[in-house]
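Secondary and tertiary structure notes
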There are 2 protein chains.
Amino acid sequence: MSGFNVGTRLKQLRQSRDLSQRELAKRAGVTNSTISLIEQNSVSPSVSSLKKILDALPVSISEFFAGEELANEQVFYRADELTEIGDGNLSWRLVGARRPNRSMSLLYEHYPPGADTGEDMLEHAGEEGGVVVAGSIEISVNGDTQVLHQGDAYYFDSRLPHRFRNVGDEECVIVSANTPPSFAEGGATQHH
Amino acid sequence: MSGFNVGTRLKQLRQSRDLSQRELAKRAGVTNSTISLIEQNSVSPSVSSLKKILDALPVSISEFFAGEELANEQVFYRADELTEIGDGNLSWRLVGARRPNRSMSLLYEHYPPGADTGEDMLEHAGEEGGVVVAGSIEISVNGDTQVLHQGDAYYFDSRLPHRFRNVGDEECVIVSANTPPSFAEGGATQHH
DNA sequence: CATCCTTGTTGAACATCCTTGACAGTATGA
DNA sequence: TCATACTGTCAAGGATGTTCAACAAGGATG
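Looking at DNA strand C, there are 18 residues lining it, with A:T34, A:S44, A:S49, B:S20 and B:R22 nearest. Per the 4 Å cut-off to the protein, sugar and phosphate atoms form 61% of the nearby atoms of DNA strand C. The separation between a base oxygen of DNA strand C and a polar side-chain atom of A:S33 is 3.0 Å. Elements with a contribution of two residues or more to the surface near DNA strand C: α3 (32-39) of chain A together with α2 (21-28) and α3 (32-39) of chain B. Among the elements that make up the surface near DNA strand C, the one with the highest residue count is α3(B) (3 residues). Its residues assigned to classes, the surface near DNA strand C comprises 3 nonpolar, 12 polar and 3 charged.

As structure tokens, then:
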């Protein structure tokens, strides 16, 4: 069952946009037969063909493939069920399992006064964003440093070097989300 | 530039896991030649082959393709900069632009007492999760109904029918994240 | 040094994907 | 009714992806 139903997914997307196989094919630069065969799962398209087709919808490839699996998973998490991944310095509570087959990870972060994410700037794949729920925090992204207060928010590409530090004198609470899940790997070297 | 560098990306992933082409090929059930050719971008693999290979890493296909574009985007958002998308009934504040080329959307949600997401159950592609920051909320997912309080959290596949309702007598505040971005499409019909 | 193992690459054969061009089914209108 | 235009499907062959088997380069061992 490695196949994943590419055909059905494509058909849904095409029909939701009210396109005929021929119309989509024309925009994508392939033939209608290609679309037909793929939709019937008669062939497993090459990535290049699929990309051409998705570009014409338009739908990103990652979007196309997002949202497989995941069912019969835990939905609700009581406050004391969140997995603690703090290191004494600061407290991060992860919503859900540590190696979830999920497209993002959700964190409930608590920074005591003076806490930070370490000396080095963090850089990793994915995107992250969050909302400051209480207190204030100093965030540096790609050389730009700002202090955010309650109700403020941030969002950036995690490949940009970044760092968090609580420069206030009260605890800072942030709810944040990262994609792809940063805490998926076993290693503890990579924070945030 | 429709190609996207599949080969380089695969090579990075393989090497980061300290696998040889032959070892990965063996686990994936393909030949080392296939890996070699793909990594050199000499061919654009079929989806089925690529999936076999990624399964062996393991890396999800969507993860593999995630993280293009996005740079020079706004990073920090002051509380009053969040785009309001409430409908009088409840207040949702979106972190970032309305049609971002992003892998998730981040929301600062405020449910007054009695507010809900409407009569019908919501169902859409993607995943969503959140943390209750203040107050309490009743959430139904796939027939399972729970009341979450401050510090509690949730995470589920958005294709499962779901609904939110504030059954308490104080405002409920939630920070939530959705993927893929739910508010990407222009239509206002689809909530959450 | 030779030997052995591993690495990644490549040509020829084979398997699969993709296009060409035709076909049947349905709907609209003259 | 006939014509036209649209829909999706399919067989045959050309184009592309994949395998098999051989090869060269590098490291380790003796």
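Resuming the write-up.
Residues and elements named next belong to chain A. Of all the residues in helix α2 (residues 21-28), the buried ones are L24, A25 and A28. Considered in projection along α2, the buried side chains sweep an arc of 100° and stay on one side of the axis. The exposed set on the far side of α2, more than 90 degrees from its buried face, consists of R22 and K26. The elements touched by buried residues of α2 are α1 (6-16), α3 and α4 (47-55). With its phi angle positive at about 80°, G29 sits one or two positions after the end of α2.

About the criteria used
- Residues numbered from 1 in each chain as written.
- Chains lettered and ligands numbered in written order.
- Predicted model: local features only at pLDDT ≥ 70, side-chain atom pairs only at ≥ 80, totals over all residues.
- Heavy atoms only, no water.
- Near = heavy atom within 4 Å.
- Polar contact = N/O pair within 3.5 Å; in protein donor to acceptor, adjacent residues only side chain to side chain.
- Helix = DSSP H or I, 4+ residues; strand = E, 2+ residues; numbered from the N terminus.
- Nonpolar A, V, L, I, M, F, W, Y, C, P; charged D, E, K, R; others polar.
- Buried < 20%, exposed > 50% of the residue type's maximum accessible area, 1.4 Å probe, protein only.
- Arc of directions from axis to C-beta.
- Contact = heavy atoms within 4.5 Å.

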